Each structure stands twice: as structure tokens, then as C-alpha cells.
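Close look at the chain arrangement
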Amino acid sequence: MQRPPASQPFGESSHAPEAASAREGTCRGAPAGHRGNSAPDDPPMAQSGVETDPAEEARRRGPAPTTRPSATPVPDLRVLARLRAERPEAVAEAAAGRERRPLLPAPGARLMIVAADHPARGALAAGDRQFAMADRADLLARLCLALSRPGVDGVLASADVLDDLLLLGALNGKIVIGSMNRGGLAGASFELDDRFTGYAPGDIHRLGFDAGKLLLRIDYDDPGEGSVRTLEAAARAVDAMAAHRLPVFVEPFLSRRDPESGLLRNDLSPEAVVRSIAIASGLGGTSAYTWLKLPVTDDPDAMARVMETSTLPAVLLGGDVKDGDQDAAYEKWRAALELPTVQGLVVGRSLLYPADGDVAQAVDTAVGLL
């Protein structure tokens, strides 16, 4: 497949355009509201790579792509932590002063949203790195870089990540989607009881954010009734978001536990995705503000039939793409984006943690599909 012009791998050097844009573009200057002892122009992004002992770094981060440089420009966590400690109101101030934009700025426009709400559910792996997303400085640097790329509309994340990005000044003119239910922790016995432990609809309205997102996993054989409780809570969240006239992105799956490992698996067969769409579309007292966030099915050729299940606008999710499968993922997205109800992409780990380490290239390629 044809790709955009090649760019330097992420964090190649302080001279790479991508690194410069992360330090000096979207996240330029001290965090909003910073009044610490440092000079006012102290940048939150490190001016050079972080020097660490290679062995200790390998133990801490786990396996990393061999093409990714060891030195990566990152936000200054000391500045962020000091600001949070001394001026916690700076988060609300940054949210109130954020430049907003319409969800869809023009007829026919489509969305490119970067997702980073995985850590709040304890899902920290990306590729073969078990704790990749546990490195907050690295995650923020990747998000700042992704948000600085042309054609990227915004971000989906939990409160802690969005607060960091607000303080870094990275969300002006961007769509901000708050992640709402993170209580179904990855791998937990209660994973299907996905309670709303993140943003409430009132929080999203108060902060001036643009939309919310909720996860809805349904296991027909769930003995603990977590699925039905989550269904009820999701319906009430849809109602509350509609009352605020705010879009809510519902991410539905039919799921089941693996009999051997006990792990929860999402069923991506066309039949299962059709049923999940039908269930999600009927939540609440109105669907006027409901969007769907959907996977591409195991059989990509079945997506046209699958998407006939609902007239609700939909975006495609990415998932954790295995090394070597990135081009195949692009092709699946490209075909599904031609369908009439599909309005864009919401993709996280496969763009923020590509196998070759080149975040800018991965993001630019995804934008090119739109």
C-alpha cells in the first residue's frame, strides 16, 4: 500500500521534525497555570533525551522495538507534579480556557481520534511490552506528537491523562472525549461489572468537553449479572448525555470467558457484532446523541452487511495490532471507511506504539485513509 513520505522514527533526535513538534508545538512552554520556582519559559518537554542505564531501562520497560531510539523527548514530570500539588485548580482553568471546535467541522468531515484510556482499566500492554503504557512521560510525549500531526482531530482518555494534556496545552482546538466506565478491570473476576468509575455526564458537561465514551461487554452466560448491571448503567448514561446534548460513543461487544484461561474474549464474528450493534443502538430513551465505536469483524468482507444493522454514526476502533499486522489493519480500516455510516477512526495503541517506533508515520498513514 502507498504510504505518506517517510519521517524520522519517534524520538530520533532533537532535530527530527516530529520531536520538535512534540516539544515546541502542541506542548510548547510550561504547563498552563505554572507558577513554580522555575523560569516562566521552562518547557514541559525535556530538551534532550533521558539518559538511563540500558540494562535498568530494559528491565523497567520490557522489550522495545529495536528501531526505537533509547533517547525520547518527554514532558518534565517534575513540573507537572509540582503544578498539580501547588495549584490543582489549574486543571479547571485550563479546561475553561480551552479553544473548542465542532465535533464535525464541515459536511462530510470525518474524525481521527487517538485513544489512550486503556491504563485506567489496568490494560497497560502494547505489542509485546507488558507495561508500555505505564510510562506516563513516554505516553504523554507520544500523545503530544500524535495530536500535533495534521488531520488528527482529538483524543479519548480518562481524567488523569486528559488533565495532564490540559496542563501541557495540548488540547486547544481538539475534540476531547472523556472515558466514562473503567471499573471492569482487565483480567479481574468482576471484569464484566463495568461500573462508571470515570467521567460522569455532568463532569463532561462541566469541563466543556465534547463527548463521552462507554464500554459495553455482554456475556450471555455471565453468572454474576455484571453484564445486565452494565447494560442498565449504560442506558442511564446515554439518557444523561442526551440531556446535556452531548454525543456518547458506545463500544459494544458480545464477550465470553475462555474456559481454560478464564480470560474474557470479545467475539468479533459478524453475527456477534451485528447483535452487539442492535443492543447498543437501543439503549436509553433516545438515540439522538448516540454514536457507535466498533471493531472490524474477523471477516472484513462482512462489514457491509454488519453495518446495515443501524443508522447510528459509527467510528472504527483499532485494538492492539500485533507486530507485522499493521498494514493489514490499515487495509481493513480503508475498506470499512467506505461504508455509509462510518464517520472515522478512534485508534490508540497501534498508532501510539507501532512496531517500528515511528508514531508520526503510523498516524499520518491512518489520517490518509480518511
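Further up the page is the structure itself.
Summary of the structure given here.

A separate point is the nonpolar core. For soluble globular proteins, nonpolar side chains are generally found buried alongside one another. Ranked by size, the top nonpolar core spans 81 residues in total, and within it L143, L162, L165, M307, L316 and W333 carry the most contacts. Ranked by residue count, the leading element in this core is helix α5 (residues 136-148), at seven residues. Beyond its immediate chain neighbours, meaning those up to four positions away, L316 contacts L294, V296, M303, W333, A336, L337, V342, G344, L345, V346 and V347. Formed by 12 residues, the second largest nonpolar core is a distinct cluster that contains L111, A115, I175 and V346.

Among the six residues of strand β1 (residues 111-116), six are classified as buried, and the element is accordingly described as predominantly covered. The two faces of β1 match: L111, I113 and A115 on one face and M112, V114 and A116 on the other face are all buried. Here four bridges tie β1 to strand β9 (residues 342-347), and the two strands are oriented parallel to one another. Within β9, the residue paired with V114 across the bridge is V347. Here four bridges tie β1 to strand β2 (residues 154-157), and the two strands are oriented parallel to one another. Across the sheet, residue A115 finds its bridge partner in β2, namely L156. You can see the chain leave β1, run along α5 and come back into β2, and the turn it takes is right-handed.

Within strand β7 (residues 290-294), five of the five residues are buried, which leaves it mostly tucked inside the rest of the structure. By the alternation rule, side chains of β7 split into T290, L292 and L294 and W291 and K293, which are all buried. Here strand β5 (residues 248-257) pairs with β7 via three bridges, running parallel. The residue bridging V250 from the neighbouring strand is L292, located in β7. As paired strands, β7 and strand β8 (residues 314-317) are joined by three bridges and run parallel to one another. When the sheet's bridge partners are listed, L292 is paired in β8 with A314.

Reading the values: the criteria
Residues numbered from 1 in each chain as written. Predicted model: local features only at pLDDT ≥ 70, side-chain atom pairs only at ≥ 80, totals over all residues. Heavy atoms only, no water. Core = buried A, V, L, I, M, F, W, Y, C linked by side-chain atoms within 4.5 Å. Buried < 20%, exposed > 50% of the residue type's maximum accessible area, 1.4 Å probe, protein only. Helix = DSSP H or I, 4+ residues; strand = E, 2+ residues; numbered from the N terminus. Contact = heavy atoms within 4.5 Å. Pairing = 2+ DSSP bridges. Right-handed = clockwise from strand over helix to strand, strands pointing away.

These figures come from the coordinates and say nothing about function on their own.
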